[in-house]
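Residue-level listing of the chains:
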Amino acid sequence: MPTDIPKSSVDRSHLEISYRLSPDDCVLEVDPGWSGFAQSNSAPGLDPNSVIGRPVWDFISGVEVRAIYQRLFDEVRSTQKARSVAFRCDSPGEIRNMSLTIEPLPFGQLAIASSLVERLGREPVELLEAGTARSDEMVSLCSWCKRVESADGEWLEIEQSPWPRSEGLLPRVSHGICPNCEGTIASELGHLAPDSSD
Ligand SMILES: [Zn+2]
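## Some details on the overall build of the protein chain
Looking only at helices and strands, the protein chain features 4 helices and 10 strands. When the helices and strands of the protein chain are listed from N to C terminus, the series reads β-β-β-α-α-α-β-β-β-β-β-β-β-α. Per-residue burial for the protein chain yields a buried fraction of 24% across its 198 residues. If you take every contact in the protein chain between residues at least 6 apart in sequence, the share linking residues at least 24 apart comes to 58%.

## Brief notes about unusual backbone geometry
Positive phi is not limited to glycine here, since Gln-80 has a value of about 60°. Tracing the sequence through the fold places Gln-80 in the loop between α3 (63–79) and β4 (83–88). We classify Gln-80 as exposed; it has 10 C-beta atoms within 10 Å. Phi is positive for Glu-167, close to 50°, though the residue is something other than glycine. By secondary structure assignment, the location of Glu-167 is in the loop between β9 (155–156) and β10 (170–176). Exposure remark for Glu-167: the 6 C-beta atoms within 10 Å place this residue in the exposed category.

## Describing the pairing of strand β3 (residues 27–30)
In terms of strand pairing, strand β2 (residues 17–21) meets β3 through 3 bridges, oriented antiparallel. Opposite Tyr-19, over in β3, you have Val-30 as the bridge partner. Between the antiparallel neighbours β2 and β3 lie 5 residues, among them Asp-25 with a positive phi of about 65°.

## Quick notes on the confidence of the model for the protein chain
Per-chain confidence: the protein chain averages 83 in pLDDT, with 79% of residues scoring 70 or above. Ranking the elements of the protein chain by mean pLDDT puts helix α1 (residues 34–40) last with 55 and β9 first with 95. Taken as a whole, residues 192–198 scores under 50 in pLDDT and shows 6 contacts with residues more than four places along the chain or in a different chain.

Reading the values: the criteria
Residues numbered from 1 in each chain as written. Predicted model: local features only at pLDDT ≥ 70, side-chain atom pairs only at ≥ 80, totals over all residues. Helix = DSSP H or I, 4+ residues; strand = E, 2+ residues; numbered from the N terminus. Buried ≥ 20, exposed ≤ 12 C-beta atoms within 10 Å, placed from the backbone. Contact = placed C-beta atoms within 7 Å. Pairing = 2+ DSSP bridges. pLDDT = per-residue confidence, 0-100.

What follows is the structure, given as C-alpha cells:
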C-alpha cells in the first residue's frame, strides 16, 4: 500500500528541474537538477556543462516518447500557449507524480520545467533498479504512467506486473507510451493527433 512521503522532508532538487531549448531543440541552459533528469531518462553520468548545445533528443529514451515530446514542442511553438502534462518519474521505492510544463519563449525558444506533485512510498520495484543484470527479453514501460506491457499486450501497473524472467534475470526496459497516455496526450493536442491527415 503506497504511503505518503511529506514533500517537505525530501530533497527535491534532482526532481524539479528546468531547462531552455533553442528553436532547433538544443539545450541552451539547464539548472543543477539536470543530472537527475538525465538519470531518470537512462542517460546517467552527464555533467550539466556537457549537455549545453546538444539536442535534447540525446537525453530522451524511446522513439515514441521522443515523438510525443516533439508534438508537444510543436504545439507550444505554433500556439504560443504553455502546456502541462502529467507524468511519473518513479524510483524503485517511490511513485513520483510529476508535472511537465512547456512554455513558449521569444524566437522559438522553449522553457521546460518539471515539478513534483506527489510522492508515495511503496515496496521497491526491482524492474527499476539500476545496475542489475538483465536478460535479452524486453518489456515496454510507459514513460508517462509507468505501466508495463504484459506478454498478452495488456498494460499493467508496474507494482502488479509479472515481468518475464529468463534464467532468473530481469528483462531490459524499453521506453514507450501506453494507449491510455497516447490518447490523453493526443486529445490535449487536438489537431496534432496521430490520425491527423496533414
Ligand atoms: Zn501510460
